[in-house]
Amino acid sequence: SYCFAVGMLPDKVNTTNPNTKDEEVEPHELWFCVAAGLCLGVLVARAVEHYVSPVHQPVQHMAESCKKGEASTVMFGLALGYSSTLAISFCAATTAYLSYHVAEFYGVGFAALGAVGTFSLNVSLEAFSAIGDNAFAIAEMSGLHEEARDRCLLLSLAGKSVASISKGFTIGITLLVVLANWTAYVMVVEISNTIDEQMILGFFIGAALPYWFCSLLMMAIGKASSSMAEEVCKQFSTKPGILDGTAVPEYKSCVQIATHASLKEMRYPGLFVMSAPIVIGIFLGNRCLSGTIFGGLLCGLMLAISSTTSGAAWINTTKYIATGGTGTNDGSKPAWAGSAAYKASLLGATMGMPLQDIGPFLSSYLKLMVLESLIIAPFLRDYSGRGLILDIWS
């Protein structure tokens, strides 16, 4: 990357910002920003691994808390997610600070470019997680011998850990990507960085929107899972032989429910993401939309980190106990056959399944919101001003 920066970029690069004086930076300084973005990926990966991997103390301590019951499992998982926000957000903020110090928001954009450069690695990590989960499911459903199931369980556990690292990395680079695009929005609409009543209003609106978006997602997941549970119970009652293997389940109906729900229930979250910037920009003004983006970034980033870390830690704790991590599996029978700790961890795993994907959803929400704001920025600059509501109020 250093040879590319020195060889392809001009000797002096002008960083134009209407709110500050123009500055010129050299190619090696922009290379430093790219390197900072790459280092961010490594630091975030290590931080997430510490909180969700079963080889580290947080998951092991959570497994011990599962022996005390479901309430202890839930409380420890939430505390683990909240504590993880400090390390990950500090890494992302430090990268943004150093990049801005070198080349202002132009450097932040280059840092985001360096962080996104490892996208192919994230795709491979996600694929490995899916392969491990499917291998364990096939081994379990096909009735393979105990040794094969245990090996596939370890593979699934490793896959969940690397998938959590990939999700944490996606959340970390969201800060740089949104900051760079937010700067472009500010430059297009030609507003200053001074805080006024419109910006303050936008801060509070932006802080609340991620929670509303998450509520829509969780309700959609709840409705879809309820429909699936009803179908499973219906098949168990009409075909009792499914439980002992003498009857074949109707897989097609379950697949139809999942496919239909994934399309139908996501219409409201999708409509919310696409309409929020337009409504806020037109009715409350471009400055309020700027504050909304920034407030949503700060609040959404913390919510994404805590939700993803808690969910992944709960799921990995269940698999860790299943492998005999707490000493509950003596090898005579599967750990999930009667362990009290495993039964308590199942509640956390049930909560963790939707929570672990909240982070990537919020990352997509923040990116879509700032990109849509950037698209409509010329219109807001020419026609919106203070917004229809504030103009009428004035």
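About the thresholds
Residues numbered from 1 in each chain as written. Predicted model: local features only at pLDDT ≥ 70, side-chain atom pairs only at ≥ 80, totals over all residues. Heavy atoms only, no water. Helix = DSSP H or I, 4+ residues; strand = E, 2+ residues; numbered from the N terminus. Buried < 20%, exposed > 50% of the residue type's maximum accessible area, 1.4 Å probe, protein only. Contact = heavy atoms within 4.5 Å. Areas by Shrake-Rupley, 256 points an atom, 1.4 Å probe, with all protein chains shown as cover. Lys, Arg positive; Asp, Glu negative; His and termini not counted. Salt bridge = Lys/Arg side-chain N within 4 Å of Asp/Glu carboxyl O. Disulfide = S-S within 2.5 Å. Core = buried A, V, L, I, M, F, W, Y, C linked by side-chain atoms within 4.5 Å. 1 Å grid on protein atoms, 1.4 Å probe; cavity = no way out; pocket = protein on both sides within 12 Å on 5 of 7 lines; lining within 4 Å. Points joined across faces, edges and corners; volume = space filled by probe spheres on them. Expected span 1.5 Å × (residues − 1). Arc of directions from axis to C-beta. Nonpolar A, V, L, I, M, F, W, Y, C, P; charged D, E, K, R; others polar. Patch = residues over 30% accessible without salt bridge, like charges linked within 9 Å, V, L, I, M, F, W, Y side chains within 5 Å. Phe/Tyr/Trp six-rings, centres within 6.5 Å; stacked < 30°, edge-to-face > 60°.

1. Digging into the overall build of the chain
Then comes step 1: Per the secondary structure count, the chain includes 15 helices and two strands.
Then comes step 2: Over its C-alpha atoms, taken along the principal directions, the chain stretches across nearly 75 × 50 × 35 Å.
Then comes step 3: Residues classed as buried in the chain amount to 46% of the 394 residues present.
Then comes step 4: If you take every contact in the chain between residues at least 6 apart in sequence, the share linking residues at least 24 apart comes to 80%.
Then comes step 5: Only carbon and sulfur atoms are counted for the fraction: they give 68% of the accessible area of the chain, which is about 19,500 Å².

2. Regarding the side chain of Glu265
Then comes step 1: The residue Glu265 is located in the loop between helix 9 (251-264) and helix 10 (267-284) in this model.
Then comes step 2: Summary of buried charges: Glu265 has no salt-bridge partner, and the nearest side chain of opposite charge, Lys223, is 4.3 Å away.
Then comes step 3: With sequence-adjacent residues up to four places away left out, Glu265 is seen in contact with Ala220 and Lys223.

3. Quick notes on the state of the cysteines
The term disulfide refers to a covalent linkage connecting the sulfur atoms of a pair of cysteines.
Then comes step 1: Here the structure, examined in full by the defined rule, presents zero disulfides.
Then comes step 2: Between Cys233, a free cysteine, and Cys254, which holds the nearest cysteine sulfur, the sulfur-to-sulfur gap is 11 Å.

4. Some details on the nonpolar core
Then comes step 1: Core analysis: the biggest nonpolar cluster contains 64 residues, and Leu176, Leu179, Tyr185, Leu362 and Tyr365 have the highest contact counts within it.
Then comes step 2: Elements that contribute at least two residues to this core include exactly helix 2 (27-52), helix 4 (70-116), helix 6 (146-189), helix 7 (197-238), helix 10, helix 11 (286-322), helix 13 (358-375) and helix 14 (377-384).
Then comes step 3: Looking at this core element by element, the count peaks at 13 residues for helix 6.
Then comes step 4: Ignoring sequence-local partners within four residues, the contact set of Leu176 consists of Leu40, Ala92, Thr95, Ala96, Val108, Ala111, Ala112 and Ala115.

5. Comments concerning the layout of surface pockets
Then comes step 1: The calculated volume of the largest pocket comes to roughly 420 Å³.
Then comes step 2: If you go around the largest pocket, you meet 18 residues; those closest to its centre are Phe136, Thr318, Lys319, Tyr342 and Met353.
Then comes step 3: At the level of elements, helix 5 (119-141), helix 6, helix 11 and helix 12 (340-355) are the ones that each hand at least two residues to the lining of the largest pocket.

6. Focus on the pattern of salt bridges
Then comes step 1: Inspection of the entire model under this criterion finds seven salt bridges.
Then comes step 2: Residue Lys67 is joined to Glu64 by a salt bridge in which the shortest nitrogen-to-oxygen separation is 3.3 Å.
Then comes step 3: A relative accessible area of 44% means that Lys67 is categorised as partly exposed.
Then comes step 4: We classify Glu64 as partly exposed; its relative accessible area is 36%.
Then comes step 5: For Asp357, the salt bridge identified is with Lys167, shortest N-O distance 3.8 Å.

7. Some points on helix 9
Then comes step 1: The end-to-end C-alpha separation of helix 9 is 20 Å, in line with the 20 Å expected for 14 residues at 1.5 Å each.
Then comes step 2: Along helix 9, the residues classified as buried are Ser253, Cys254, Ile257 and Ala261. Seen end-on, helix 9 carries its buried residues on one side only, within an arc spanning 100°. Exposed and facing more than 90 degrees away from the buried side of helix 9 are Tyr251, Lys252, Val255 and Leu263.
Then comes step 3: At its buried positions, helix 9 is contacted by helix 7.

8. Some remarks on empty space enclosed by the protein
Then comes step 1: Within the structure shown, the criterion is met by two cavities of 30 Å³ or more.
Then comes step 2: Taken as a whole, the largest cavity spans an internal volume of roughly 50 Å³.
Then comes step 3: Taken together, Val48, Val52, Ile88, Ser164, Gly168, Ile171, Ile305, Thr308 and Thr309 form the lining of the largest cavity.
Then comes step 4: Residue assignment for the lining of the largest cavity shows that the elements contributing at least two residues are helix 2, helix 6 and helix 11.
Then comes step 5: Class assignment of the residues belonging to the lining of the largest cavity gives a composition of five nonpolar, four polar and no charged.

9. Quick word on a nonpolar patch on the surface
Then comes step 1: A cluster of nonpolar side chains, contributed by Val279, Phe283, Leu388 and Ile389, occupies part of the molecular surface with about 350 Å² of accessible area.
Then comes step 2: Listed by contribution, the elements that provide at least two residues to the nonpolar patch are helix 10 and helix 15 (388-393).
Then comes step 3: Within the element layout of this structure, Leu388 appears in helix 15.

10. With respect to the environment of Gly387
Then comes step 1: Tracing the chain through its elements places Gly387 in the loop between helix 14 and helix 15.
Then comes step 2: We classify Gly387 as buried; its relative accessible area is 0%.
Then comes step 3: For the pair Gly387 and Pro210, spaced 177 residues apart in the sequence, the C-alpha separation amounts to 22 Å.
Then comes step 4: Residues within four places of Gly387 in sequence aside, it is in contact with Ile282, Phe283, Leu284 and Gly285.

11. Examining the packing of aromatic side chains
Then comes step 1: For the structure on display, the rule yields eight aromatic pairs.
Then comes step 2: Taking 5.2 Å as the distance between ring centres and 55° as the angle between the ring planes, the aromatic pair formed by Tyr106 and Phe110 counts as tilted. With Tyr106 and Phe110 both in helix 4 and four residues apart, this pair spans about one turn of that helix.
Then comes step 3: The exposure class assigned to Tyr106 is partly exposed, which follows from its relative accessible area of 37%.
Then comes step 4: Take Phe110: its relative accessible area is 17%, and that puts it in the buried class.
Then comes step 5: When the centroid spacing of 6.2 Å and the interplanar angle of 20° are considered together, the rings of Phe213 and Phe272 count as stacked. Taken together, the residues Phe213 in helix 7 and Phe272 in helix 10 connect sequence positions 59 residues apart.
Then comes step 6: Owing to a relative accessible area of 5%, Phe213 belongs among the buried residues under this scheme.
Then comes step 7: Judged by relative accessible area, Phe272 falls into the buried class, the value being 9%.

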